Amino acid sequence: MTGTVVLEARGVSKVYETRGVETRALNGVDLRIREGEFTALSGPSGSGKTTLLNLFGALDEPSGGEVRLDGESLAELDAAALSRLRLHKLGFVFQAYNLIPVLTATENVEFVMVLQGVPAAERRARAGELLREVGLEGLGDKRPLEMSGGQQQRVAVARAIASRPRVVLADEPTANLDSETAGRLLDLMGRLNAEHGVTFLFSTHDPLVMQRARRNVRLRDGHVAADEERPVA
Amino acid sequence: MVLRLAWRNAWRNARRTGVVVAAVSIGIAGALLTMALNYGMIFQMVETAIESDLGHLQIHAAGFDANPELSVRLPDGARAEVARLEVEGGVRAFARRVRGEGLVSSPRASAGVRVVAVEPEREARITRIVDSITAGSYLDGDARRVLLGAELARRLEVGVGDKVVLSVQDLSGELTGEALRVGGVFETPSAALDESTLFLRLSEGQALFGLGDAVSEVVAVAHRRSRVGELRDRLAAELGDAAEVRSWEELQPALVYMIDVFDQTSWLIYAAVFVAMAFGIANVLLMTVYERTREIGIMRAIGFGRGRLVATLLAEALVVTSVGLALGFALALGCIAGLGDGLDLSYFARGLGKFGVGSRIVPVLRPSDFTIPVGVAVVTAVLAAAWPAWRAVRLRPAEAVRQT
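Since the structure is predicted, the reported quantities are computational estimates derived from the model, not experimental observations.

J.: Help me understand the packing of helix H12 (residues 306-339) of chain B against helix H14 (residues 367-394) of chain B, please; the structure alone is not making it clear to me.
T.: Helices that pack against each other are described as a pair by the angle of their axes relative to one another and the distance between those axes. Two elements in contact, H12 of chain B and H14 of chain B, have axes whose closest approach is 8 Å; the angle formed by their N-to-C orientations is 145°. Judged by the twist between their axes, the crossing of H12 of chain B over H14 of chain B is right-handed.

J.: Whenever I open this one, the pairing of strand S7 (residues 167-171) of chain A confuses me. Can you help?
T.: Residues in a regular strand project their side chains so that they alternate between the two faces of the sheet. All names here are of chain A. Across the five residues of S7, five count as buried, placing the element largely inside the fold. Sheet topology places strand S6 (residues 90-93) next to S7; four bridges connect them, and they run parallel. Bridge assignment links Gly 91 to a residue of S7, and that residue is Val 168. Alignment of S7 against strand S8 (residues 199-204), held across five bridges, turns out to be parallel. Paired with Val 168 across the bridge in S8 is Phe 200.

J.: What's the story with the interface of chain A and chain B in this structure? I'm lost.
T.: The accessible area lost on association of the parts is a frequent measure of interface size. Each side of the interface is counted separately: chain A has 26 residues, and chain B has 23 residues. Summed over both partners, the interface of chain A with chain B buries about 2,200 Å², with 62% contributed by carbon and sulfur atoms. Considering only the side of chain A, the residues that lose the most area to chain B are Val 102, Phe 111 and Leu 115 of chain A, jointly responsible for 24% of the buried surface there. Here chain A and chain B share three salt bridges between them. Between Arg 4 of chain B and Glu 107 of chain A there is a salt bridge, with the nearest N and O atoms lying 3.0 Å from each other. Counting the contacts that link chain A with chain B gives six residue pairs in polar contact (both at pLDDT 80 or more). Secondary structure elements with two or more residues in the side of chain A that touches chain B: helix H2 (79-89) and helix H3 (105-116) of chain A. With five residues, H3 of chain A is the single largest residue contributor to the side of chain A that touches chain B.

J.: Please explain the pairing of strand S3 (residues 110-118) of chain B as it appears in this structure.
T.: All names here are of chain B. By the bridge criterion, nine bridges tie strand S2 (residues 91-105) to S3 in an arrangement that is antiparallel. Counted as the bridge partner of Val 98 is Ala 117 from S3. In this antiparallel pair of consecutive strands, S2 and S3, the connection spans four residues. Inspection of the sheet shows S3 paired to strand S8 (residues 197-201) by five bridges, in the parallel sense. If you follow Ala 117 over to S8, its bridge partner there is Leu 200.

J.: Help me understand the packing of aromatic side chains, please; the structure alone is not making it clear to me.
T.: The final tally for this structure, using the stated rule, is eleven aromatic pairs over all chains. Between Tyr 39 of chain B and Phe 43 of chain B the ring centres are 6.1 Å apart and the planes differ by 40°, which places this aromatic pair in the tilted class. Here the residue Tyr 39 of chain B and the residue Phe 43 of chain B both occupy positions in helix H2 (residues 14-54), the gap between them amounting to four residues, near one helical turn. Overall, the relative accessible area of 31% leaves Phe 43 of chain B in the partly exposed class. Clustering of aromatic rings is evident, with ring pairs tying together Phe 38, Phe 200 and Phe 202 of chain A. In this arrangement the basic side chain of Arg 366 of chain B is found over the ring face of Tyr 39 of chain B, its NZ or CZ atom lying 4.0 Å from the centre.

Cut-offs applied
- Residues numbered from 1 in each chain as written.
- Chains lettered and ligands numbered in written order.
- Predicted model: local features only at pLDDT ≥ 70, side-chain atom pairs only at ≥ 80, totals over all residues.
- Heavy atoms only, no water.
- Axes fitted to C-alpha atoms, helices over the stretch in contact; angles between N-to-C directions.
- Helix = DSSP H or I, 4+ residues; strand = E, 2+ residues; numbered from the N terminus.
- Left-handed = near helix turned anticlockwise from the far one by under 90°.
- Buried < 20%, exposed > 50% of the residue type's maximum accessible area, 1.4 Å probe, protein only.
- Pairing = 2+ DSSP bridges.
- Contact = heavy atoms within 4.5 Å.
- Buried area = accessible area lost by both parts, 1.4 Å probe.
- Salt bridge = Lys/Arg side-chain N within 4 Å of Asp/Glu carboxyl O.
- Polar contact = N/O pair within 3.5 Å; in protein donor to acceptor, adjacent residues only side chain to side chain.
- Phe/Tyr/Trp six-rings, centres within 6.5 Å; stacked < 30°, edge-to-face > 60°.
- Lys NZ or Arg CZ within 6 Å of the ring centre and 35° of its normal.

Spelled out as structure tokens, the structure:
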């Protein structure tokens, strides 16, 4: 495994406490994600996939250990800095209902660029280009409720890469899609990874995703049980 | 982006937002209409007082405030005061008067009266008695004619052309009297004026009271009411200690007190409307935060900072408030336009007349009737949005995105 490390978990643990009962979701995870990787985090329910993805995405804080993005420890950043970091360095694709319902597809893609302060003309052009890239040309004026689940996920992918992030974190992105639509979505993300070098990290149950991923990290009981790299065909 | 999101979010649940907007607009319209009618009534009281008696300011001899007696008078026809008023650019008109007390008798009855002796031509430019004549004519015809208020004439059972006897105590303390004829009858919105006032010519009043060429007061009106204070100060400085210059507010502090009470009450009315409005808006926004928890989580995840989130919720509250305000203003203006030449309260005419108010109340809106609701509404919207916004920013993105 070579290349620049983008994300790194060092001895990361996470304990949730609900009504005095502690649940250990992660237990000393060490993991490095390198630039350009297409990695799937898999494992049974409760193994800690989503928890680890949330920690990598600066959406949550570890109970122990350290998460680093581009070599910078997230623990040293305050809420505003974490928000800026998510805006500029991370892209997110969630399981479903990813989009802002009152905005059109184009506006959803533009959303992060607005937050980044990209000039209007440039972001409009980039949004159009990205929607073409994900195969949604001509659907820019549609609102999420006017699109299918697959189309919505494609818009979410376009939005995730619109900010030109260091890594896209995708939490069960195919969970609500039929296998054909899921296949097309994975084709799209694979192409973005291969052609544009976008780094993808998935949490997934879906064998299709694991099959397409070039690296499979398997979690069990809150720790890394297996880490396998599949040679590029 | 924040405004676009706020506007579209506000109308996502159009029915719910519509209910709050309707509540705000009806509340605002009701408050505004109440203000306009109340102020219209007070405005009429002030106008009646100014136009039927007070003028904008009055000049008396020094000591009149403490001892408003016939003996405290401006000598020599108030020559010094008149000379000053004639060159004062801020004065639109002025007139001299003699003012005293007396008893007027007819063959059937008698009544105590305020006797006001005026210069008819000059007085006509100060007060609107000339426009209030309902029978006979103003003091521009024969000598030894008096004007009586309609109610006074009714009590005395006299009409135009009838003879009355006016008895007064003159300057030397002697009782004296004069037989006069009723030249005209007037009726104003002021019941007090109509019940107990008798007008006659200045020269006849001076003779009756034994004043020689002295007068009791000089009454003046300014070109602009808002400049009366400055005008009073200037005249007081130039006339020196020999004269007392008083504005209408100083002459009738009760009117000023009523305006103050009205202003205080208006704040209470606004407070009631806006507190109700605040709960409505807070409710809508709280529902919004509950319903959109996942969406807020996703927005936060992709870099929508807390500041922007708070700004969006505040903007959403302001959208609801602004639409409610605009509709409320439109509704109020529509109602006021519909009232045309005023609200007919003739059933209460007698009671209203005691306060110098006519039977028809014309609503009066002041600029502050628009600026105050806008200002208070903005503050209310911000306060109403504060709690939901606080809840929204406390949502942890990792938990919020898991909500369905």
